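Structural overview for review
As a plain string of letters, each chain reads:
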Amino acid sequence: MFLLLPFDSLIVNLLGISLTVLFTLLLVFIIVPAIFGVSFGIRKLYMKTLLKIFAWATLRMERGAKEKNHQLYKPYTNGIIAKDPTSLEEEIKEIRRSGSSKALDNTPEFELSDIFYFCRKGMETIMDDEVTKRFSAEELESWNLLSRTNYNFQYISLRLTVLWGLGVLIRYCFLLPLRIALAFTGISLLVVGTTVVGYLPNGRFKEFMSKHVHLMCYRICVRALTAIITYHDRENRPRNGGICVANHTSPIDVIILASDGYYAMVGQVHGGLMGVIQRAMVKACPHVWFERSEVKDRHLVAKRLTEHVQDKSKLPILIFPEGTCINNTSVMMFKKGSFEIGATVYPVAIKYDPQFGDAFWNSSKYGMVTYLLRMMTSWAIVCSVWYLPPMTREADEDAVQFANRVKSAIARQGGLVDLLCLPGHLDSAHLWVGMTCY
Amino acid sequence: MAVGRDGFVSQASLLRLHHRFRALDRNKKGYLSRMDLQQIGALAVNPLGDRIIESFFPDGSQRVDFPGFVRVLAHFRPVEDEDTETQDPKKPEPLNSRRNKLHYAFQLYDLDRDGKISRHEMLQVLRLMVGVQVTEEQLENIADRTVQEADEDGDGAVSFVEFTKSLEKMDVEQKMSIRILK
């Protein structure tokens, strides 16, 4: 045992030194830029390197597949049916226009046969629509070294397998602990920071500190996921007294938006860790948290939101879709309510690039923790955010029409074809119901 | 009803539709539920989207398997010339006949399946398809007029026969057909 001691202390020393080095690096390269909102460009460099490696890997796979005569790409990437290239919306306008020109007094016409057109269009989309087609066709065009995205994984070559193994090692043993450490730091800083700021007297200094504490922590969380975000049209960012509405693709949408702007969150009070975070956040600046019982009362929800929005000193609302899929009613009320209260709506389109990591959350397959783990063991999350120009409700529109208008603007910007999860869906009573919620 | 080689859809098309069925069945359950179809975005903006989805679930069922899926889609197979020539009187009428196409459209109107499109049902469809920029009064006028134009026996509703008659000049076969690429 005496012989082991000096050896032991050497190991301990090495461990201590490496940990210190790691933490210093973490601090300098990740946390400090997060505080000040600058970037060294490390993530972009990382992305470029990864792209080169993926291109090489795909080339190897193609070569290997040709040698063995495997079918590498799924067929039918060009569509199943012969379709007209115009979109449904354009054709509806065309029909209405041609119909109303027939009438003398400008009333819209209707024929029994009008139904055929929509019927056929509906069937066409059931047979073949852009989203689902893209979704399955994207599987093997370029392999990103994650076995979870490669459903036809065959043994192609030794080099590829070694590369994949190396990738697994890097992702699970290096990136994952790093990310978990960052996430932990980010969340604890948020809780501690906002509580501390809460003790300051109300005033401009408190606002300033609160804003920066929030931004800093969200930026750390963004780095914890290695999210590489490109913001477009930042001059259209939401302002006070407005509502920010975004297409909800995954649970991390909130982090992505909140790291670039200072929002008031709206949501249901949770228990556990989320509840702690919520209570801390509300000390620093007025977020709108509803109790479970209050959520069912539509008028209360609308009233509180209206009060918040009319106070120009308060922050723009970021609607935070809430509840599990069982609680669908509360999501519906938030989304519908936000178009009724008559504030300016700032639409935001978020689009994820699935090549580096799939942000789509299949809530029936994975729980939240599994989902976060998958996120943290992917290479990166790459997405683009477009800030669209603000929209207000016109005098002759009702809430539903306004909601549709906003939804089409978002869909058009994000490219409806490329959205993995669409913003909402009209049921027969024309209500906007939230999609995948959590 | 047989769906197969000499049935209502060709072999190659069946294969493509099966791929499509599997792609829509996200959780690999082996059948489709209403939610799977509701996830199709372009269907969500279609005014008749919900009714079309309902047509896949007849008699209150909650699941549609692949044969059921094809059975509905078979209504939209283009009418080939050979279908009308070799009409065997003993075989059941193919799903993509003119009559069956019209019947499919009729059922999109006739929600309560009583065999007639009442004024109320006409109004509902109108609301879905035209309703956005139009007042309730105008909608009711249009509904009344449409029912009156088609109604022959004066019962205030449009039966299937009256529906067929009012559309006899319409090229239903072309409007309700989807060609599957080879």
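Residues numbered from 1 in each chain as written. Chains lettered and ligands numbered in written order. Predicted model: local features only at pLDDT ≥ 70, side-chain atom pairs only at ≥ 80, totals over all residues. Heavy atoms only, no water.

You'll find chain B entered in an unreviewed UniProt entry as Calcineurin like EF-hand protein 2, with Pan troglodytes given as the organism. The UniProt entry for chain B carries this comment under Sequence similarities (unreviewed entry): "Belongs to the calcineurin regulatory subunit family. CHP subfamily." (UniProt positions renumbered as here; feature names shortened; annotations may be inferred.)

The name given to chain A in an unreviewed UniProt entry is Glycerol-3-phosphate acyltransferase 4, and the organism recorded there is Pan troglodytes. The heading Subcellular location (unreviewed entry) in the UniProt record of chain A holds the text "Membrane". Taken verbatim from the UniProt record of chain A, the Sequence similarities (unreviewed entry) comment is "Belongs to the 1-acyl-sn-glycerol-3-phosphate acyltransferase family."

Our next topic: the pairing of strand β7 (residues 381-387) of chain A. All names here are of chain A. The buried count for β7 comes to 7 of 7 residues, which makes it a mostly enclosed element. The two faces of β7 match: Ile381, Cys383, Val385 and Tyr387 on one face and Val382, Ser384 and Trp386 on the other face are all buried. Two strands pair when backbone bridges link them, and strand β1 (residues 227-232) and β7 are joined in this way by 6 bridges, in the parallel orientation. Bridge assignment links Ile229 to a residue of β7, and that residue is Cys383. (Buried < 20%, exposed > 50% of the residue type's maximum accessible area, 1.4 Å probe, protein only. Helix = DSSP H or I, 4+ residues; strand = E, 2+ residues; numbered from the N terminus. Pairing = 2+ DSSP bridges.)

Let's shift gears to the environment of Arg234 of chain A. Residue and element names in this part refer to chain A. In this fold, Arg234 is placed in the loop between β1 and β2 (242-246). C-alpha of Arg234 to C-alpha of Val385: the two residues are 151 residues apart in sequence and 9.2 Å apart in space. With sequence-adjacent residues up to four places away left out, Arg234 is seen in contact with Asp260 and Tyr387. Engagement of the side chain of Arg234 in a polar contact is seen with the side chain of Asp260, the distance being 2.3 Å. (Contact = heavy atoms within 4.5 Å. Polar contact = N/O pair within 3.5 Å; in protein donor to acceptor, adjacent residues only side chain to side chain.)

What follows is about the UniProt feature "transmembrane region" (unreviewed entry) in chain A. Residue and element names in this part refer to chain A. UniProt's feature table lists "transmembrane region" (unreviewed entry) at residues 12-42, 156-174 and 180-201, given in the numbering used throughout. Along residues 12-42 one finds 84% helix and 0% strand; the C-alpha atoms at either end are 31 Å apart. Secondary structure over residues 180-201 splits into 86% helix and 0% strand, and the C-alpha atoms at its two ends are 34 Å apart.

Residue and element names in this part refer to chain A. The N-to-C vectors of helix α6 (residues 158-198) and helix α13 (residues 368-376) enclose an angle of 120 degrees; their axes lie 9 Å apart at closest approach. It follows that α6 is oblique to α13 by the angle criterion. Listed contacts from α13 to Leu176, Arg179, Ile180 and Ala183 of α6 are Leu373, Met375 and Met376. Classifying every residue of the contact of α6 with α13 by side-chain character gives 6 nonpolar, no polar and 1 charged. (Axes fitted to C-alpha atoms, helices over the stretch in contact; angles between N-to-C directions. Parallel < 35°, antiparallel > 145°, perpendicular 65-115°, else oblique. Nonpolar A, V, L, I, M, F, W, Y, C, P; charged D, E, K, R; others polar.)

On the surface, Ile17, Val21, Leu25, Leu27, Val28, Phe29, Val32, Ile35, Phe36, Val38, Phe40 and Ile42 of chain A cluster together into a nonpolar patch covering about 1,100 Å² of accessible area. Looking at the nonpolar patch element by element, the count peaks at 9 residues for helix α1 (residues 4-36) of chain A. (Patch = residues over 30% accessible without salt bridge, like charges linked within 9 Å, V, L, I, M, F, W, Y side chains within 5 Å. Areas by Shrake-Rupley, 256 points an atom, 1.4 Å probe, with all protein chains shown as cover. Salt bridge = Lys/Arg side-chain N within 4 Å of Asp/Glu carboxyl O.)

Residues and elements named next belong to chain B. Following the criterion strictly, the structure yields 16 salt bridges over all chains and no others. The shortest N-O distance in the salt bridge between Lys29 and Asp36 comes to 2.7 Å. We classify Lys29 as partly exposed; its relative accessible area is 30%. Among the salt bridges present, the one from Glu136 reaches Arg127, with a minimum N-O distance of 2.8 Å. Classification of Glu136 by relative accessible area gives partly exposed; the value is 37%.

Attention now moves to α6 of chain A. For α6 of chain A, spanning 41 residues, the distance from its first C-alpha to its last is 58 Å, which sits close to the expected 60 Å at 1.5 Å a residue. The largest bend in α6 of chain A amounts to roughly 35 degrees and is located at Leu175 of chain A, with the proline Pro177 of chain A lying one to four residues further along. (Expected span 1.5 Å × (residues − 1). Bend = angle between axes of the 7 residues up to and from the residue.)

One finds Met123 of chain A together with Phe56, Phe69 and Phe163 of chain B to be the most contacted residues of the largest nonpolar core, which totals 58 residues. Going through the elements one at a time, α4 (114-127) of chain A together with α1 (11-24), α4 (49-54), α5 (66-73), α7 (98-109), α8 (119-129), α9 (136-150) and α10 (160-166) of chain B are the ones with two or more residues in this core. No other element matches the 8 residues that α4 of chain A contributes to this core. Counting residues domain by domain, this core receives three or more from each of domain 1 (10-75) and domain 2 (98-181) of chain B. Once you skip the residues sitting within four places of it in the chain, Phe163 of chain B turns out to touch Leu112 of chain A together with Leu102, Ala105, Phe106, Tyr109, Ile117 and Val158 of chain B. Residues Ala183, Leu225, Ala246 and Ile277 of chain A belong to the second largest nonpolar core, which totals 46 residues. (Core = buried A, V, L, I, M, F, W, Y, C linked by side-chain atoms within 4.5 Å. Domains from an automatic or database assignment.)

This paragraph deals with the packing of aromatic side chains. Residue and element names in this part refer to chain B. Counted under the stated rule, the structure contains 10 aromatic pairs over all chains. Aromatic pair Phe21 and Phe66: ring centres 5.4 Å apart, planes at 70 degrees, arrangement edge-to-face. Linking Phe21 in helix α1 with Phe66 in helix α5, this pair joins segments that are 45 residues apart in sequence. Of the two residues, Phe21 and Phe66, neither departs from the other in class, the shared state being buried. Put simply, the rings of Phe21, Phe56, Phe66 and Phe69 touch in pairs and so form one group of aromatic residues. The ring centre of Phe57 lies 4.5 Å from the NZ or CZ of Arg34, which sits over that ring. (Phe/Tyr/Trp six-rings, centres within 6.5 Å; stacked < 30°, edge-to-face > 60°. Lys NZ or Arg CZ within 6 Å of the ring centre and 35° of its normal.)

Turning our eyes to something else, we now look at the sheet that holds β7 of chain A. Residue and element names in this part refer to chain A. In space, the 7 strands of this open sheet follow the order β1-β7-β6-β2-β5-β3-β4, with mixed pairing throughout. Both edges of this open sheet fall to β1 and β4 (288-290), since each of them pairs with a single strand only. For this sheet the average axis-to-axis angle between neighbouring strands, irrespective of direction, equals 25 degrees. Where strand β6 (residues 344-353) lies against β7, 6 bridges are found, and the strand directions are antiparallel. Note that in β7 the partner of Ile350 across the bridge is Val385. With respect to the sheet, helix α11 (residues 298-310) is in contact with β2, β3 (264-268), β4 and β5 (317-319), its orientation differing from that of β4 by roughly 170 degrees.

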